[in-house]
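Each chain, written out:
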Amino acid sequence: MEDILYTIPEAAEMMKTSQGCVHNLRKAGLLKCLKLGSYKVRRAELERFLQEYEGKDVTDPYNVKDLVECSEKVHKTI
């Protein structure tokens, strides 16, 4: 049976990011989790998050930006 729940470290590894980043996404309400002893993320929620925020800069989860907007600013300053 495939895993349907991932720990924060597992979710971070799958997303190629840090555990702190996953916690920040959780705290900002962008990634829904549940707590069963420790925080867990459903596989379906990871898939939803990745699809919904594709093309976005979520480095600051409280200030999500389109990547196009970010790259335009970089080109204007160069």
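For the structure itself, look to the data block above.
A few points on the structure. (Residues numbered from 1 in each chain as written. Predicted model: local features only at pLDDT ≥ 70, side-chain atom pairs only at ≥ 80, totals over all residues. Heavy atoms only, no water.)

## Focus on helix H2 (residues 19–27)
Among the residues of H2, Val22, Leu25 and Arg26 are the ones counted as buried. Down the axis of H2, the smallest arc covering the buried residues is 100 degrees, so these residues share one side. In this fold, the buried residues of H2 make contact with helix H1 (8–15), strand S3 (38–42) and helix H3 (43–52). (Buried < 20%, exposed > 50% of the residue type's maximum accessible area, 1.4 Å probe, protein only. Helix = DSSP H or I, 4+ residues; strand = E, 2+ residues; numbered from the N terminus. Arc of directions from axis to C-beta. Contact = heavy atoms within 4.5 Å.)

## Comments concerning the side chain of Glu45
Within the secondary structure, Glu45 sits in helix H3. Relative accessible area serves as the criterion here: at 9%, Glu45 is assigned to the buried category.

## Comments concerning the sheet that holds S3
Spatially, S1-S3-S2 is the arrangement adopted by the 3 strands of the open sheet, whose pairing is antiparallel. Each of the sheet's edge strands pairs with one partner strand only, and the pair in question is strand S1 (5–7) and strand S2 (34–36). Averaged over all pairs of adjacent strands, the angle between strand axes in this sheet comes to 45 degrees, irrespective of strand direction. By the bridge criterion, 3 bridges tie S2 to S3 in an arrangement that is antiparallel. In the sheet register, Leu34 faces S3, and the bridge partner there is Lys40. Across the sheet, H1 lies against S1 and S3, angled at about 95 degrees from S1, the strand it touches most. (Pairing = 2+ DSSP bridges. Axes fitted to C-alpha atoms, helices over the stretch in contact; angles between N-to-C directions.)

## Things to note about a nonpolar patch on the surface
Together, Ile4, Leu5, Leu34 and Leu36 line one region of the surface with nonpolar side chains, adding up to about 320 Å² of accessible area. Relative to the elements of secondary structure, Leu5 occurs in strand S1. (Patch = residues over 30% accessible without salt bridge, like charges linked within 9 Å, V, L, I, M, F, W, Y side chains within 5 Å. Areas by Shrake-Rupley, 256 points an atom, 1.4 Å probe, with all protein chains shown as cover. Salt bridge = Lys/Arg side-chain N within 4 Å of Asp/Glu carboxyl O.)

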